[in-house]
Amino acid sequence: MSERRLVAVLGYSTGRGDALHPVCAARLARAENEVKLDDSVLFSGWARRRTSRAEADLMAQAWKATAHRVILDRSARSTVGNALGVARAARKLGVDEVVLVTSGWHGRRASALVRAALLGSHTKVTLATTDERATHAARIRELVCWTLLPVLAVLAARTR
Amino acid sequence: MTRTLLATAVAALALVAAGCGGGDESSSASPTDEWADGFCTAITSWTDSIQSVTEQFSDLSSLSKDGLENAADDARTATEDLVDGLRGLGAPETESGEAVKDSIDELSSTLESEVATIEDAVQGVSGLTGIPGAISSITSSLTAMSAAFSATFQALEDADVEGELQTALEDSPACADISS
């Protein structure tokens, strides 16, 4: 029997434009290469503006691969939110493995938070990353968020 | 600590370079470059200081009232320095300067408010709340600070339509110290 996997694609957008952001499109392409027919796929990400479409919807619309099931989480507003949604879906589906798809510069923090949110389960977390370069603002943001990670991990581990 | 030393060294070198030039030579750094340098130096100093605070959350069982008080003191001092540093920068001389300043002012207010909440939570430990209640409150406050930082950085990127700030951040020695 094959392992049951959840391929979770973390969204990305800015306050400019309503189309799928290139960073998000790259993550989607990475997920399309990664996914197998019997995998479930989760698209995670909110609408940054009230008038725009959720990252999850934009990814679902652009998705070209075939998967066993597609789930949308339009509520995730941050990486902590992404992680909590991924863990919730993984527990509900009872998967053995979560394949987390995001950018390389975001992967370390995102996977740490998903692992914290899955604390107590035996679900394996693996990373599938894209290799685009982060902007300096994104790097500074990652530095700050990484510094606060122990606290955010406590929050993720406590929230079910 | 390394980052602080490095940032300090970079700042010192910049001062030396500015002070030891030959006569009427002016600094080649534009006001926007100086703004970016100051911004990154303030952020890296804060992250270095706050790291010792957040590391305590890796093992909640070892947290004591004294430990929480020290952590709250460290968080307050580091955050006051950061807010002073950020407010002192004013608006960068870019198209999006005022929008950037507004975002940073909003971040500063949030940071001050959340640090005050942390201090209140720690001071209440001997009362009814106890350490678990304080930890919960501190976690919420630090999470709110993290969200405020994220929102601010996103706002800076969104406002910087011309890419002036992005270029300044790329050229800044203090920002270059921040690895991906």
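Remember, it's a predicted structure, so these values are computed and weren't measured experimentally. For every chain, the first residue of the written sequence is number 1, and numbering continues from 1 along that sequence. Key to labels: chains lettered from A, ligands numbered from 1, both in the order written. For this predicted model, a pLDDT threshold of at least 70 governs which residues receive local features, and a threshold of 80 or more governs which side-chain atom pairs are given and counted, while totals over whole chains, interfaces and linings are taken from all residues. Each side-chain value is worked out from all heavy atoms of the structure, with water and hydrogens disregarded.

What is the right way to read the pairing of strand 2 (residues 40–44) of chain A from this model?
Along a regular strand, successive side chains alternate from one face of the sheet to the other. Residues and elements named next belong to chain A. With a 1.4 Å probe rolled over the protein chains alone, any residue whose accessible area is under 20% of its type maximum counts as buried; one over 50% counts as exposed, and the rest are partly exposed. Helical segments are the DSSP runs of H or I of at least four residues, strand segments are the runs of E of at least two, and each set is numbered from the N terminus. A large share of strand 2 lies buried, amounting to five of its five residues. Burial of strand 2 is two-sided: the residues Ser40, Leu42 and Ser44 facing one way and the residues Val41 and Phe43 facing the other way are all buried. Sheet analysis places strand 1 (residues 5–10) next to strand 2, joined by five bridges and oriented parallel. Pairing of Leu6 across the sheet is with Ser40, part of strand 2. By definition, the crossover connecting two strands over a helix is right-handed if that path, from the first strand to the second, turns clockwise as seen with the strands pointing away from the viewer. With respect to chirality, the unit in which strand 1 leads through helix 1 (residues 22–34) into the neighbouring parallel strand 2 is right-handed. In this analysis, strands are considered paired if DSSP registers two or more bridges between them. Across five bridges, strand 2 lies against strand 3 (residues 69–73) in parallel orientation. For Leu42, the partnering residue across the bridge sits in strand 3 and is Ile71. On the question of chirality, the crossover connecting strand 2 to the parallel strand 3 by way of helix 2 (residues 55–62) is right-handed.

Whenever I open this one, the packing of aromatic side chains confuses me. Can you help?
Where two aromatic rings form a pair, the distance of their centres and the angle of their planes describe that pair. Each Phe, Tyr or Trp ring, with Trp reduced to its six-membered ring, pairs with another whose centre is within 6.5 Å; inter-plane angles below 30 degrees give stacked pairs, above 60 give edge-to-face pairs, and intermediate values give tilted ones. Applying the stated criterion to the full structure yields six aromatic pairs over all chains. For the ring pair Phe43(A) and Trp63(A), a centre distance of 5.3 Å and an interplane angle of 70° mean the geometry is edge-to-face. Remark: Trp63(A) occurs in the loop between helix 2 and strand 3 and Phe43(A) occurs in strand 2; sequence separation between them is 20 residues. Chaining the aromatic ring pairs together yields one cluster made of Trp35(B), Phe39(B), Trp46(B), Phe149(B) and Phe153(B). Lysine and arginine charges are scored as sitting over a ring when NZ or CZ, respectively, is within 6 Å of the ring centre and within 35 degrees of the ring normal. Residue placement shows Arg108(A) over the ring face of Trp146(A); its charged tip is 3.6 Å from the ring centre.

How should the state of the cysteines be read in this particular structure?
A covalent bond between the sulfur atoms of two cysteines is referred to as a disulfide. Residue and element names in this part refer to chain B. Two cysteine sulfurs form what is called a disulfide whenever their separation falls within 2.5 Å. One pass over the full model with this rule turns up one disulfide over all chains. Here Cys40 engages in a disulfide with Cys175; their sulfurs sit 1.9 Å apart. The chirality of the disulfide connecting Cys40 with Cys175 is right-handed, given an S-S dihedral of about 95°. Taken as a pair, Cys40 in helix 2 (residues 31–55) and Cys175 in helix 7 (residues 173–176) lie far apart in primary sequence, 135 residues in all.

I tried to follow the pairing of strand 4 (residues 97–103) of chain A on my own but got confused; where do I start?
Residues and elements named next belong to chain A. Of all seven residues making up strand 4, seven are buried, and the element is well covered by its neighbours. Relative to strand 4, strand 1 is paired through five bridges, and the arrangement is parallel. Note on strand 4: the bridge partner recorded for Val9 is Val101. Of the pairings in the sheet, the one linking strand 4 to strand 5 (residues 124–130) comprises seven bridges and is parallel in character.

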